[in-house]
Amino acid sequence: MRGAAILAHAAFIPGWDGRRDEYLERIRAARTYARRSPATAEFWAWLDAVEAECETRCGHPREALRLINHAESLLAEGSGHAAPEWFNWFSPVSLASFKGDTQLKAGQPAQAHDTLRGVLEAMGDTNANQRSVILADLAAVEIAQRNPDAACTYAEQALDQLAITWYATGMERIHRVRRALEPWADSPAVRRLDDRLYGWQTTLSALQR
């Protein structure tokens, strides 16, 4: 399984760059290695999740959703094998958080909202880093539904979380949200967000990390 995990992680590099043929070759190799050992349902589901993320990056969110649905089925069925201690970076919650982002990219904002709200509730205070990302993704969902005020509320909540636990990916998502809010740049909600986003405390927090 370790060899399969290494190959699957390597698939992210071309996958995130949109090089579909290259990532597919690596994920095929990862699946081949996984078949040579008693891989758990969680591990097979994670391989589906890796492929789904790469498919989304390559512009195929519908195919990504099919893979995510398959991963959910695997997790529900189980395999009877216990996951090794080193395989500790994947869970149903992390799968659902990616599903929400993929649903948004597939043009399903209402479904994405329900999925991400569920993730936020399931997560609680257990993953401060990912919480800021989920809040920013919920802001993006609101923009897709042309609700800029609600988007700003979620973005400010994400900034509140980042003030407690800094996470560069979370800040990157918030800046992406702000760019998408440009059509409403003169609204009071967006100006309030700008005051927070470009405030001195936020700038200091970014520089200190």
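This text goes with the structure placed above it.
Residues numbered from 1 in each chain as written. Predicted model: local features only at pLDDT ≥ 70, side-chain atom pairs only at ≥ 80, totals over all residues. Heavy atoms only, no water.

A. The arrangement of the nonpolar core in detail. Counting residues in each nonpolar core, the largest one holds 32 residues, and the members touching the most others are Y23, I27, F43, W46, L47 and F90. Those elements that place two or more of their residues in this core are α1 (2-16), α2 (20-35), α3 (41-57), α4 (61-77) and α5 (92-105). Residue contributions to this core peak at eight residues, all from α3. Setting aside its immediate chain neighbours within four residues, L47 contacts A8, I27, A30, R31 and A34. Core analysis: the next-biggest nonpolar cluster, separate from the first, contains 31 residues, A155, L162, I174 and W184 among them. (Core = buried A, V, L, I, M, F, W, Y, C linked by side-chain atoms within 4.5 Å. Buried < 20%, exposed > 50% of the residue type's maximum accessible area, 1.4 Å probe, protein only. Helix = DSSP H or I, 4+ residues; strand = E, 2+ residues; numbered from the N terminus. Contact = heavy atoms within 4.5 Å.)

B. Just the packing of aromatic side chains, in detail. One pass over the structure, following the stated rule, counts nine aromatic pairs. Between F87 and W89, the aromatic rings sit 4.9 Å apart at their centres with planes inclined by 75 degrees, giving edge-to-face as the arrangement. You can call F87 buried: its relative accessible area is 7%. Using a relative accessible area of 33% as the deciding quantity, one classes W89 as partly exposed. A connected cluster of aromatic rings, assembled from ring pairs, spans F43, W46, W86, F87, W89 and F90. The positively charged end of R57 is found above the aromatic ring belonging to W16, 4.8 Å away from the centroid. (Phe/Tyr/Trp six-rings, centres within 6.5 Å; stacked < 30°, edge-to-face > 60°. Lys NZ or Arg CZ within 6 Å of the ring centre and 35° of its normal.)

C. The arrangement of the pattern of salt bridges in detail. Here the structure, examined in full by the defined rule, presents 16 salt bridges. E182 is the partner of R178 in a salt bridge, and the nearest nitrogen-oxygen pair spans 3.0 Å. Judged by its relative accessible area of 48%, E182 is partly exposed. Of the charged contacts in the structure, one is a salt bridge between R178 and D194, with a shortest N-O distance of 2.5 Å. (Salt bridge = Lys/Arg side-chain N within 4 Å of Asp/Glu carboxyl O.)

D. Layout of helix α8 (residues 148-164). Taking 1.5 Å of rise per residue, the 17 residues of α8 would be expected to cover 24 Å, and the 25 Å separating its terminal C-alpha atoms lies within 8% of that figure. Every buried residue of α8 is listed here: P148, A151, C152, Y154, A155, E156, A158, L159, Q161 and L162. Looking at the buried residues of α8, the elements they touch are α6 (109-123), α7 (128-144), α9 (168-180) and α10 (188-197). (Expected span 1.5 Å × (residues − 1).)

E. Expanded view of the environment of T102. Take T102: it is sitting in helix α5. When sequence neighbours within four positions are dropped, the list of residues in contact with T102 reads T56, P61, A64, L65 and I68.

F. Representation of unusual backbone geometry. The backbone of R146 shows a phi angle near 60 degrees, a positive value even though the residue is not glycine. In this structure, R146 sits in the loop between α7 and α8.

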